[in-house]
Every structure is written in C-alpha cells, then in structure tokens.
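Below, each chain spelled out in residue letters.
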Amino acid sequence: MPAPFPHGLIRKEVRDLPDYNAGLALDRFKATYGIDCLAKLDSNESPLGPSPRAIKAMQEAATGVARYPDAANSALRGTIASALGTDTSRVIIGNGSEDLIGALFRAIIRPQDHVVTICPSFGLHEFGALTFGATVTKVPFNADWTFPIDGLCEALRSKPRVLIFSSPSNPAGPAISEQEFRAVIAQTDPATLICFDEAYVEFIEPGERFDALGILAETGQPSIVLRTFSKAYGLAGARIGYGIASDPLLIKALMKTRNPFGVNAMAAAAAAEALKDHAHLARVVDLATTERKRVSAALEAKGYPCAPTQTNFVFFDTHAPARDLAEHLRGKGVLIKGWQEAPFEHWARVTIGSRAENDIFLDALPDSVTKAQV
Ligand SMILES: *Cc1c(COP(=O)(O)O)cnc(C)c1O
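The shown structure was predicted, so the numbers you read here are calculated from the model rather than taken from an experiment. (Residues numbered from 1 in each chain as written. Predicted model: local features only at pLDDT ≥ 70, side-chain atom pairs only at ≥ 80, totals over all residues. Heavy atoms only, no water.)

A. Focus on the domain arrangement of the protein chain. Domain annotation for the protein chain reports domain 1 (7-49 + 279-373) and domain 2 (52-276). Facing the 34 residues of domain 1 at the interface are 33 residues of domain 2. Both faces combined, the contact of domain 1 with domain 2 buries some 2,600 Å², and carbon together with sulfur accounts for 65% of it. Three residues, Tyr20, Gln310 and Glu341, lead the burial of domain 1 against domain 2; their summed loss comes to 22% of the area buried on that side. Counting every contact that joins domain 1 to domain 2 gives 3 salt bridges. Between glutamate 205 and arginine 292 there is a salt bridge, and its shortest N-O distance comes to 3.3 Å. Applying the counting criterion to the domain 1 and domain 2 interface returns 9 residue pairs in polar contact (both at pLDDT 80 or more). With 8 residues, helix α12 (residues 278-301) is the largest single contributor of residues to the side of domain 1 that touches domain 2. Split by residue class, the side of domain 1 that touches domain 2 holds 17 nonpolar, 10 polar and 7 charged. (Domains from an automatic or database assignment. Contact = heavy atoms within 4.5 Å. Buried area = accessible area lost by both parts, 1.4 Å probe. Salt bridge = Lys/Arg side-chain N within 4 Å of Asp/Glu carboxyl O. Polar contact = N/O pair within 3.5 Å; in protein donor to acceptor, adjacent residues only side chain to side chain. Helix = DSSP H or I, 4+ residues; strand = E, 2+ residues; numbered from the N terminus. Nonpolar A, V, L, I, M, F, W, Y, C, P; charged D, E, K, R; others polar.)

See below:
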C-alpha cells in the first residue's frame, strides 16, 4: 500500500481554506442529476451570451494559436486605456479578474498582514488573502443593506494593508453611493491599497453611477479597480478581465506575479470586439434591469425578502438552510447558489436569466416556510 500523502507538504494556510463554492457546469449537472438543466442561474452568467462579433473574433484568432500571444496584451490594453481616458501603463489584463485578485495578493500580502472586506463577501477577496497568511476582517452590511460605512471606517483605523470589496456587491447586490465611497476613501490611510471590484458596474442604474476611477485619481490613494468580461459581456468561459491601477508601478508588480501568458489570444480578441458592441451590451443590461425588478417582486410575494440589487442577480432570505432549497431546485432542473458563508447560510443568490428561465425558477420555487405558516 502506498504511504499516505504527507499533509505537512501543503501549507497550513492552504489546508485550512474551504473548497471553493463554484457553480456547477452544465455537463456535470446532467451527469449528477440525470436531467437537463433548464435554468442555470448559479454563476451570474449572461443569458444573451457574448456579442456575435466576439465569437467571430475568437474563431479568427483560433487559426493563430500555434503562436504565443502578446504577453504584454498591448492591443487590448490600448483599447481599454483609450476608452477610459487613461494610459496603457495603468491597465492590466488577467485570466479573468480573479487572476488579478490572486496576482495582487501575491504581490502585496505578507504573513500577518491585515485585510478588510465586507460581509457577505466574494469568496476570493477573503481566500486569496488567507492563502498568504493575512488576517481578514469582514465588516457586515447594515441591516437595511446599505454599505457599512461606519464599520468600514472603524476597521480602517488599524491601517490595513488592503481594503477590498465589490460594488455592486456580489452576493448582496447593492451599490455603494458616491458620497459613501468618498467617505470611505477619506478614512483610508495613504499606505492602504484599495481594491475596488466593479465586476457588475455595467448593471448600475444610470442615476446611481459615479466615476470611481476619477475619484480615486483625485485623492491619489493607491488603488486598483477591477472589471471583467465574464458578466455583462457574456464571456465567462473565455476567462478575461482587467484592472486599472493608480500607478504604473503597481501594474509592473502585477505583471510579475500573474502568469506571463495567462491571457489567451482568443479571449483577448473577443474582449476587444465585445467592447465595441454597445448595442449588445445595452440589450443585456436592459434585460437584467427589467427582470431583476420582476423577480424580486415575485420572490417577495412568495415570502422571500430580497436585498436591493444593482446587478444581474438577487440575494434573498430563504428562512431555512439555503443549501436544502438549492438542492430541491436542482431536482427540478434549476441551479441557484445557496450561500455557505456564516451568518448567511439562510440566503441564496439567483442569477437573472432570460424571462423564460426566470419563470422556470419562480415556478419551481415553493412558497417560503414563513409564507406557508401565514
Ligand atoms: C464574477 C466576479 C469576478 C471575477 O470574474 P472573472 O470571471 O474572474 O473575471 C470578480 N469579482 C466579483 C465580485 C465577481 O462577482
């Protein structure tokens, strides 16, 4: 019998991490449940997919895959920089923005460093920091689902190494206001790096939008803003995202800690085309904003209170272990994400799909336990 694998070979920080609560791929769903998935609403993917122009660009780029891609991603960085009115030296492309979160922690975090985020949180904001031996403070959202500005300012007094959070928040849904954002920055030590994750920025109501990049630039705070092509642009499977840093020095560091060829040529070509298709993006955003209101109202009517949302998903109170509700729905061909982070194990996140998918979800969803009692 072979000797057991020596546990000590794996660093303790890594052994102690929970497994990542990833969504279930469609082929695995079928293999596990023996039925087709009718509504895949667990990973915030776009029901309209990418722009057809992006698909065409990937097909064309496929003919060139014998060659390594441009490690500097010059073309796409240039396109993004000019769209945002910034310099190419301040832009970095990643194999998804999660790749950049990892690169950031590798470049910045030392054992015992302190990282502040909010709760409920995007898992990678926390796990990436824990991997490198940091301690993470998670500041809970206010009870009315406004951002916990007082709590964040209090936590920032200890001058953490990094402040990282998403707005609009995954999984909660609300977006921080400009005034709140300014209040947080005002309390951030000049030596704290702010990582502001805007994975869902495209979905914010026009009246609520503000220029976070501009505000960060005004203050001179060390920062990086993260964006992705996985959500509104429908390219989750291509794996591509980007970051805009306050200083080219940070980009230089991240270029060393990410994989040099982590961004494949097809994804880079697709992203450049996706950015140009404004009409496609408008359709995606329009569908999500209309349907999130309808789905939230229907959830409330069935007895499930919802957090407000500026995203393509809704976070709702299941009143019972969300894992059980998610499993029940899987039996009916519907995938949602039961939240596993304490104290939100009674909350679930459902992605806004097509109107038909959302109806399948709502039809499969039983009335909530509290509603049934009334
Ligand atoms: C989806 C998501 C990302 C990462 O997406 P990638 O596919 O890695 O680009 C990053 N942050 C948040 C908050 C997300 O929800």
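Now that the structure is up, let's keep going.
B. Structural detail: the side chain of glutamine 310. The residue glutamine 310 is located in the loop between α12 and β9 (313-317) in this model. For glutamine 310, a relative accessible area of 13% translates into the label buried. Discounting residues that sit within four places of it in the chain, glutamine 310 has contacts with Pro168, Gly173, Ala175, Tyr200, Phe203, Ile204, Glu205, Glu208 and Arg292. (Buried < 20%, exposed > 50% of the residue type's maximum accessible area, 1.4 Å probe, protein only.)

C. Seen up close, unusual backbone geometry. A cis amide bond links asparagine 170 to the next residue, proline 171, at an omega of 15 degrees. Along the chain, proline 171 falls in the loop between β5 (162-166) and α8 (178-186). Backbone torsion omega between alanine 342 and proline 343 reads -5 degrees, so that peptide bond is classified as cis. When you line up the elements, proline 343 lands in the loop between β11 (337-338) and β12 (347-351).

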